[in-house]
Structure formats: C-alpha cells, structure tokens
Amino acid sequence: MKNALGMSTTLLSFSSLAYYPTLTARFRAEAWWTCYSSPPHTWRKRLDVVLATGEPFSVIVPAARNFLDLEIVSAPAWKGIWMTWLGIPCQVGRVTLWLPSHETPGQMRSFSLLALFPQQDVPDTPPFIQLGVQFLLEYNIQVVLNETGPGGGKRLLIP
C-alpha cells in the first residue's frame, strides 16, 4: 500500500484494551521480540504491546522482560543518566521489536526500540510492553485512531 507521498506503509491494527494503570491510548497490538535461546542463537517470541501516548519512552516491566528473556543492547548515549518510571529506577537499552505488516501478510518488520527497564514491577500493571512517544517520533509513525472506510480503523502508518 502506498501513502499520499508514494512511500510504502506498514499497517498495524489495534484492538481495544479495557484497563491500564498508566496513561495510554488504550490500544493493544500483536508484537514479537528478539529473545535469547541456546547461545549464540536468538529467536522471536510474542508479547503484545500497548500504545502508550502518555509515556515519553517505551517501558518494559520486569515481568515482561523475564517472560521473554529479551536480547537487550546497551544504549551508550544514555550511560550515566538515571531515569525513573512511576518513581522506580530504570536502566535504558534497546531491544528488537517485530511488527506484522498488513501489506505482506505473514511477514514482519523489525525496529530497534529504545526502552526503559524498571528495576521492579508496579502492582496491577499488566505484562504488556508500552510503546512510548519516542518510538513514534524515531520512526515518523502516524497514529490513526478513528478513521472510517476501506482500510480504516485503529492503526499505525509506518513509512
């Protein structure tokens, strides 16, 4: 599918999410992650994401990180900078996120995701990974939450 500028676009549909304790657009989507396996191998494992438009950075809570055994790459530019999320100290790193493309069913597109890794879980927080605004800005993503007609609905348009 081509957008108005003639560039290819990856579409990601969102389904509604009833409750989440932090600021989000309350939409959940399918996502896959690069995880460790028997060294030196990696593989992909599914854990959904929540579009968190109220979060400046993406957040991966310990329960999600432990479930996935994510391959985390250090973010040298953030070394020595102390970040917190809901008052909890965080480390900063990058992981590989894979999103399904509606243009080419069965294929996924990879993204390097800058994320905060809180040192402890927050009570009542579902184990979804939150996609923050930094992800949207880094990849020039357009968020469509209320569009009617063919191809409408809740989705991300990714150039």
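Residues numbered from 1 in each chain as written. Predicted model: local features only at pLDDT ≥ 70, side-chain atom pairs only at ≥ 80, totals over all residues. Heavy atoms only, no water.

A. The arrangement of the overall build of the protein in detail. Helices and strands together make up the secondary structure of the protein, namely 2 helices and 14 strands. The burial tally for the protein puts 45% of its 159 residues in the buried class. Excluding contacts between residues fewer than 6 apart, the proportion of contacts in the protein whose partners are at least 24 apart in sequence is 62%. Of the roughly 8500 Å² of accessible surface on the protein, a fraction of 56% belongs to carbon and sulfur atoms. (Helix = DSSP H or I, 4+ residues; strand = E, 2+ residues; numbered from the N terminus. Buried < 20%, exposed > 50% of the residue type's maximum accessible area, 1.4 Å probe, protein only. Contact = heavy atoms within 4.5 Å. Areas by Shrake-Rupley, 256 points an atom, 1.4 Å probe, with all protein chains shown as cover.)

B. Region of interest: the layout of surface pockets. The calculated volume of the largest pocket comes to roughly 200 Å³. Every residue lining the largest pocket is listed: Ser74, Ala75, Pro76, Trp78, Lys79, Gly80, Ile81, Trp82, Cys90, Gln91 and Val92. The element contributing the most residues to the lining of the largest pocket is strand 10 (residues 88-100), with 3 residues. Grouping the amino acids of the lining of the largest pocket by side-chain chemistry returns 7 nonpolar, 3 polar and 1 charged. (1 Å grid on protein atoms, 1.4 Å probe; cavity = no way out; pocket = protein on both sides within 12 Å on 5 of 7 lines; lining within 4 Å. Points joined across faces, edges and corners; volume = space filled by probe spheres on them. Nonpolar A, V, L, I, M, F, W, Y, C, P; charged D, E, K, R; others polar.)

C. Structural context of the pattern of salt bridges. A full pass over the atoms with the stated rule returns 2 salt bridges. Between Asp48 and Arg46 there is a salt bridge, with the nearest N and O atoms lying 2.9 Å from each other. Judged by its relative accessible area of 38%, Arg46 is partly exposed. Between Glu138 and Arg94 there is a salt bridge; the shortest N-O distance is 3.4 Å. In this pair, Glu138 is assigned in helix 2 (residues 133-138) and Arg94 in strand 10, connecting sequence segments 44 residues apart. Here Glu138 falls in the partly exposed class, since its relative accessible area comes to 31%. (Salt bridge = Lys/Arg side-chain N within 4 Å of Asp/Glu carboxyl O.)

D. Structural view of unusual backbone geometry. With a phi close to 55°, Asp69 is a non-glycine residue in the positive phi region. Take Asp69: it is sitting in the loop between helix 1 (62-68) and strand 8 (73-74). With a relative accessible area of 42%, Asp69 lands in the partly exposed category. At Leu86, a residue that is not glycine, the phi angle is positive and equals roughly 50°. Mapping Leu86 onto the fold places it in the loop between strand 9 (83-85) and strand 10.

E. Local environment of the confidence of the model for the protein. In this model, the protein carries a mean pLDDT of 80, and residues with pLDDT of at least 70 account for 76%. Low pLDDT, under 50, characterises residues 1-8; the predicted model gives this stretch 13 contacts beyond four residues in sequence or across chains. (pLDDT = per-residue confidence, 0-100.)

F. Broad picture of the packing of aromatic side chains. Scanning all chains against the criterion turns up 4 aromatic pairs. Between Phe111 and Phe135, the ring centres sit 5.7 Å apart and the planes meet at 80°, which makes this aromatic pair edge-to-face. Taken together, the positions of Phe111 in strand 11 (residues 108-118) and Phe135 in helix 2 put the pair 24 residues apart, joining distant regions of the chain. For the ring pair Phe135 and Tyr139, a centre distance of 5.4 Å and an interplane angle of 55° mean the geometry is tilted. A residue is classified by how much of its surface remains accessible, and Phe135, at 0% relative accessible area, is buried. Taken together, the aromatic side chains of Phe111, Phe135 and Tyr139 make up a single cluster linked through ring pairs. Its end group placed over the ring of Phe67, Lys45 keeps NZ or CZ at 4.0 Å from the ring centre. (Phe/Tyr/Trp six-rings, centres within 6.5 Å; stacked < 30°, edge-to-face > 60°. Lys NZ or Arg CZ within 6 Å of the ring centre and 35° of its normal.)

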